[in-house]
Amino acid sequence: MARLLPILVAVSIFGSTFGQTATALAQTQLPEPPAVELIRPDEGWWIDRSGRVRPFERTYSDWSPERYEAHPWRAAAEMLGILAIGTAWYWIKAEDNREDWDFPSLNQRLLTFEALTFDNNRFITNHVLHPAAGSAYYGFSRVNGLGPYASIGYSMASSAFFEWGLEILEKVSINDLLFTPLGAWASGEWFFQLGDYLNSAPRRSAVGTRVAKYTLGAPRYLHDLWDDVPPPPELPADNLGFSTAFWHRFGLDYGLAAVDNNRGSSKLAHDVVLSGELIRMPGFLRPGHFERGFGEGNFVDMRTRMTFDDTGWADIDIWFSADITGYFHQDFEHAPGGVRGQAWSGALNTAGRFTDRWLLQRRDGVAVAHLPGPAIRGWIADGALLFRVSAAAHLDFAAIYALPYERWIERYGSAGTKSVLQKHSYYYAHGGSAVGSASLAYEGTELGVRASFGHYESIEGFDREQTSVLRDVHNADEIIEGALWLGHTTPGAPLHIGISAEETYRVSRMPPLDEVRWDRRIAINLGLGF
């Protein structure tokens, strides 16, 4: 189910595009702003799609999540409801879970903490299913009017309650305490912002926007209905029929990819690529001048690629990012074909990444909870020309496949190594990473580049079967990734065509063995951009 969520996002949004896109994407020739004395000098201004000059601060406040009353007790009750569902499922699947029953004593769990260890569950269980629960904890806290920091606190508390209280027959999992909330912080914020966006359409909206509100936007819709929350003052609709209090960019593409690797293997594969970007900042990239500190997860991104070949599902790569709090400045004036000026933001960013790969009969996987770290974004525009740049750096908690492990056990045997390595070939790690991207767009055509680097070291001494770990070998990994793309989205229509190239380079160490790998793909993409 967690893998299907991004697909549901695209399908719900796509249902509202036709009949509105062609007229809404046409460039509106805007007048120069009238005298700024009509608006308080300290609140800034921006020009909406109809040409009306609006006060920024008042518009921002009207549409900010801070306008909602906080309901902490109701949020706690909903956390218990989610936990009850998880507990019921746990016992329904008791036979599957029985192998994890360690039967630690209460003294080991609550006093000495001897039962506090890393678990050795399946890779997808720990890093997709558990973060899906973390997204639910976080998202339901947010729709109850709690801010990002209170909501991540609720998510961490819910995860801890499940580990210490409800999974009483098992040792307490350190990785679940960390990855369930923190690996899902960005995805939880993404789905919260998406829900608010899908509920932002004017009251007299099209069928597609109402369907999106009642499905993916249901948590926000039902809570607003429960609390009888009045809608904020309407703004002109965007090309999908939702409010221009948000800026958006969504994509749904099919890709035909040629994949190869350093082993000399190659084949054709089929990609389904979903992407989304939401910015909760009225007047973003519109003519206007304003600046503001923000703290409501105002910038969120999502990117998912699923790959299929003649063997079936061969690769999945999921990435979420959220700027939780920061500062934004914008100064644009009207120019032929667009705007002229610049904007920038500095923020505290969190992100989550999951990759699982079987391509070309070679196993690999990396799951990373990118802990809050600094991020910058910048935009420079001159008419129809737009240059974007971004960068972020994080400390990370990760789970990584040990590439040399199969050769290592052929030489030395598996006895005495970490139990998670023996069962699933991955290890838990700490480390750090940095990512940067830049793009140049002109009238629907965009050329972009992205690069990232991560270094990770294994964590020893906390294996679930630590007393049996006689050879606690230290693993390390360096991962370098690069991507280049050129694409065009037809003005006035949602059609998108492009070409992309990506490469992943890994150096994986398990002394005395090293393994160096690279995997590469070149894809032609055809789909929708809206």
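Quick caveat: nothing in here was measured; it's all calculated off a predicted structure.

Thoughts on the overall build of the protein chain
Reasoning step 1: Scanning the protein chain from N- to C-terminus turns up 14 helices and 17 strands.
Reasoning step 2: Computed over the C-alpha atoms, the radius of gyration of the protein chain is 24 Å, within 12% of the 24 Å expected from 2.2 N^0.38 for a compact globule of 530 residues.
Reasoning step 3: Split into buried and exposed, the 530 residues of the protein chain put 54% on the buried side.
Reasoning step 4: Residue pairs in contact within the protein chain that sit at least 24 positions apart in sequence constitute 72% of those at least 6 positions apart.
Reasoning step 5: For the protein chain, the exposed area adds up to about 22,700 Å²; of that, 64% sits on carbon and sulfur atoms.

Some remarks on the pairing of strand E6 (residues 266-279)
Reasoning step 1: Across 14 bridges, strand E5 (residues 247-261) lies against E6 in antiparallel orientation. Pairing of alanine 258 across the sheet is with leucine 268, part of E6.
Reasoning step 2: In this structure, the hairpin formed by E5 and E6 is closed by a connection of 4 residues, where glycine 264 is found at a positive phi of approximately 90°.
Reasoning step 3: With 10 bridges connecting them, E6 and strand E8 (residues 299-309) associate as antiparallel partners. Across the sheet, isoleucine 279 pairs through a bridge with phenylalanine 299, a residue of E8.

Things to note about unusual backbone geometry
The phi angle of most residues is negative, glycine excepted, and most peptide bonds adopt the trans form.
Reasoning step 1: Residue proline 512 is bonded to the preceding proline 511 through a cis peptide linkage, with omega at 10°.
Reasoning step 2: Residues other than glycine seldom take positive phi values, yet aspartate 228 does so here, at roughly 55°.
Reasoning step 3: With respect to the helices and strands, the residue aspartate 228 is situated in the loop between helix H12 (218-227) and E5.
Reasoning step 4: Classification of aspartate 228 by relative accessible area gives exposed; the value is 65%.
Reasoning step 5: At leucine 285, a position not held by glycine, the phi torsion is positive, near 60°.
Reasoning step 6: Turning to its location among the elements, leucine 285 is positioned in the loop between E6 and strand E7 (288-294).

Observations concerning the nonpolar core
Reasoning step 1: Met281, Phe328 and Trp379 are the most contacted members of the largest nonpolar core, which has 64 residues in total.
Reasoning step 2: When residues of this core are assigned to their parent elements, the largest contribution, 7 residues, is made by strand E9 (residues 312-335).
Reasoning step 3: Listed in part, the 15 residues of the second largest apolar core include Tyr405, Trp408, Tyr427 and Val473.

Regarding the confidence of the model for the protein chain
Reasoning step 1: Looking at the protein chain as a whole, its pLDDT mean stands at 90, while 93% of the residues score no less than 70.
Reasoning step 2: With pLDDT under 50 throughout, residues 1-37 is counted as low confidence; its partners more than four residues away or in other chains account for 78 contacts.

With respect to the packing of aromatic side chains
Each aromatic ring pair is summarised here by two numbers: the centre-to-centre distance and the angle between the ring planes.
Reasoning step 1: A full pass over the atoms with the stated rule returns 34 aromatic pairs.
Reasoning step 2: Linked through ring pairs, Phe56, Tyr60, Trp247, Phe284, Phe290, Phe294, Phe299, Phe328 and Trp379 together constitute an aromatic cluster.
Reasoning step 3: In this structure, arginine 74 packs its charged tip against the face of tryptophan 226, placed 4.5 Å from the ring centre.
Reasoning step 4: In this structure, arginine 303 is placed above the aromatic ring of tryptophan 319, and the distance from its NZ or CZ to the ring centre is 4.6 Å.

Focus on a nonpolar patch on the surface
Reasoning step 1: Side chains of Leu447, Val449, Leu484, Leu486, Ile499, Ile522 and Ile524 sit close together on the surface and give an oily, nonpolar patch of about 620 Å² of accessible area.
Reasoning step 2: For the nonpolar patch, the secondary-structure elements that each account for two or more residues are strand E14 (445-458), strand E15 (476-489) and strand E17 (513-529).
Reasoning step 3: Following the sequence through the fold, isoleucine 499 ends up in strand E16 (residues 495-510).
Reasoning step 4: Judged by relative accessible area, which is 42%, isoleucine 499 ranks as partly exposed.

Topic: the side chain of threonine 59
Reasoning step 1: Take threonine 59: it is sitting in helix H3 (residues 56-63).
Reasoning step 2: Apart from residues lying up to four places away in sequence, threonine 59 is in contact with Trp46, Arg54, Leu235 and Pro282.

Here's the deal with helix H8 (residues 148-166)
Reasoning step 1: Here H8 contains 19 residues, and its C-alpha end-to-end distance of 26 Å stays within 8% of the 27 Å for a straight helix at 1.5 Å per residue.
Reasoning step 2: Listed in full, the buried residues belonging to H8 are Pro148, Ser151, Ile152, Ser155, Ser158, Ser159, Phe162 and Glu163. Taken around the axis of H8, the buried residues stretch over an arc of 125°, which confines them to a single face.

Here's the deal with the side chain of serine 151
Reasoning step 1: One can find serine 151 in helix H8.
Reasoning step 2: Taking relative accessible area as the criterion, serine 151 reaches 0% and is therefore assigned buried.
Reasoning step 3: Polar contacts involving the side chain of serine 151 include one to the main-chain carbonyl oxygen of glycine 147, which spans 2.8 Å.
Reasoning step 4: Filtering out sequence-adjacent residues up to four positions away, serine 151 remains in contact with Tyr138, Ser141, Arg142 and Leu146.

Examining the packing of helix H7 (residues 123-142) against helix H9 (residues 174-182)
Reasoning step 1: Closest axis-to-axis distance for the H7/H9 pair is 7 Å, and the angle between their directions is 55°. Judged by the inter-axis angle, H7 sits oblique to H9. The hand of the H7/H9 crossing is right-handed. Residue-level contacts link Asn126, His127, His130, Pro131, Gly134 and Tyr137 of H7 to Asn175, Asp176, Phe179 and Thr180 of H9.
Reasoning step 2: The residue inventory of the contact of H7 with H9, partitioned by class, reads 3 nonpolar, 6 polar and 1 charged.

Details of the pairing of E16
Reasoning step 1: Bridge count for E15 against E16 is 14 bridges, and the pairing is antiparallel. In the strand pairing of E16, glycine 482 is matched with glutamate 503.
Reasoning step 2: Where E16 and E17 come together, 16 bridges link them in antiparallel fashion. Residue pairing in the sheet places isoleucine 497 in a bridge with leucine 526 of E17.

Side note on the pattern of salt bridges
Side-chain pairing between opposite charges can occur once the charged atoms of the two side chains come close.
Reasoning step 1: Per the stated rule, a full pass over the model turns up 40 salt bridges.
Reasoning step 2: Salt-bridge contacts for arginine 520 lead to aspartate 260; the nearest nitrogen and oxygen are separated by 3.0 Å. Pair noted here: arginine 520 is in strand E17 and aspartate 260 is in strand E5, with a separation of 260 residues, a long-range link.
Reasoning step 3: Between lysine 267 and aspartate 310 there is a salt bridge, with the nearest N and O atoms lying 2.8 Å from each other. Here the residue lysine 267 occupies a position in strand E6, and aspartate 310 occupies one in the loop between E8 and E9, the gap between them amounting to 43 residues.
Reasoning step 4: Here the salt bridges do not stand alone but share partners, grouping Asp271, Arg305, Asp315, Arg357, Glu502 and Arg521 into one network.

Some words on the packing of H8 against H9
Reasoning step 1: Close contact between H8 and H9 brings their axes to 9 Å; oriented N to C, the two are set at 145°. The chirality of how H8 crosses H9 is right-handed. Contacts between H8 and H9 involve Ile152, Ser155, Met156, Ser159, Ala160, Glu163 and Trp164 from the first element and Asp176, Leu177, Thr180, Pro181 and Leu182 from the second.

Conventions and cut-offs
Residue positions are counted from 1 within each chain, in the order its sequence is given. Only residues with pLDDT of at least 70 get local features here, since the model is predicted, and only at 80 or more are side-chain atom pairs given and counted; chain-wide, interface and lining totals rely on the full set of residues. Side-chain descriptors were evaluated using all non-hydrogen atoms of the structure, hydrogens and water having been removed beforehand. Elements are defined by DSSP. Helices are runs of H or I of four residues or more, strands are runs of E of two residues or more, and each kind is numbered from the N terminus. As defined in this context, the radius of gyration uses C-alpha atoms, and a globule is described by 2.2 Å times the residue total to the power 0.38. A simple rule labels every residue: compare its accessible area, found with a 1.4 Å probe on the protein chains alone, to the largest value its type can have, and call it buried under 20%, exposed over 50%, or partly exposed in between. Whether two residues are in contact is decided by their heavy atoms, any of which lying within 4.5 Å being enough. The Shrake-Rupley method, run with a 1.4 Å probe, gives the accessible areas here. Residue values count only the displayed protein chains as cover. Whether two strands pair depends on DSSP finding at least two bridges between them. We call a set of buried residues a nonpolar core when its members are Ala, Val, Leu, Ile, Met, Phe, Trp, Tyr or Cys and they connect through side-chain atoms within 4.5 Å of each other. Think of pLDDT as the predictor's per-residue confidence, scored from 0 to 100. Stacked, tilted and edge-to-face are the three classes assigned to paired rings of Phe, Tyr and Trp, where Trp is represented by its six-membered ring and a pair needs centres within 6.5 Å; plane angles under 30 degrees give stacked, over 60 edge-to-face, the rest tilted. Put simply, a charge is over a ring when the Lys NZ or the Arg CZ is close to the ring centre, within 6 Å, and near the line of the ring normal, within 35 degrees. Like-charged residues within 9 Å of one another, or nonpolar side chains (Val, Leu, Ile, Met, Phe, Trp, Tyr) within 5 Å, are grouped into patches, provided each residue has over 30% relative accessible area and no salt bridge. The rule for a salt bridge is simple: a side-chain nitrogen of Lys or Arg has to be within 4 Å of a carboxyl oxygen of Asp or Glu. Take the residue count of a helix, subtract one, and multiply by 1.5 Å to get its expected span. The reported arc concerns the directions from the helix axis to the C-beta atoms and nothing else. Contacts described as polar in this section are N or O atom pairs within 3.5 Å, which, within protein, must combine one atom able to donate a hydrogen with one able to accept it, while residues neighboring in sequence count only if both atoms come from side chains. Helix axes use the C-alpha atoms of the stretch in contact, all axes being lines fitted to C-alpha atoms, and the angles between their N-to-C directions lie in the range 0 to 180 degrees. Angular relationships are summarised with four words: roughly parallel below 35 degrees, roughly antiparallel beyond 145, roughly perpendicular across 65 to 115, and oblique for the angles in between. Should the near helix be turned anticlockwise from the far one by less than a right angle, the crossing is termed left-handed; should it be turned clockwise, right-handed. For this scheme, ten residues count as nonpolar: Ala, Val, Leu, Ile, Met, Phe, Trp, Tyr, Cys and Pro. Four count as charged, namely Asp, Glu, Lys and Arg, and the remainder, Gly too, count as polar.

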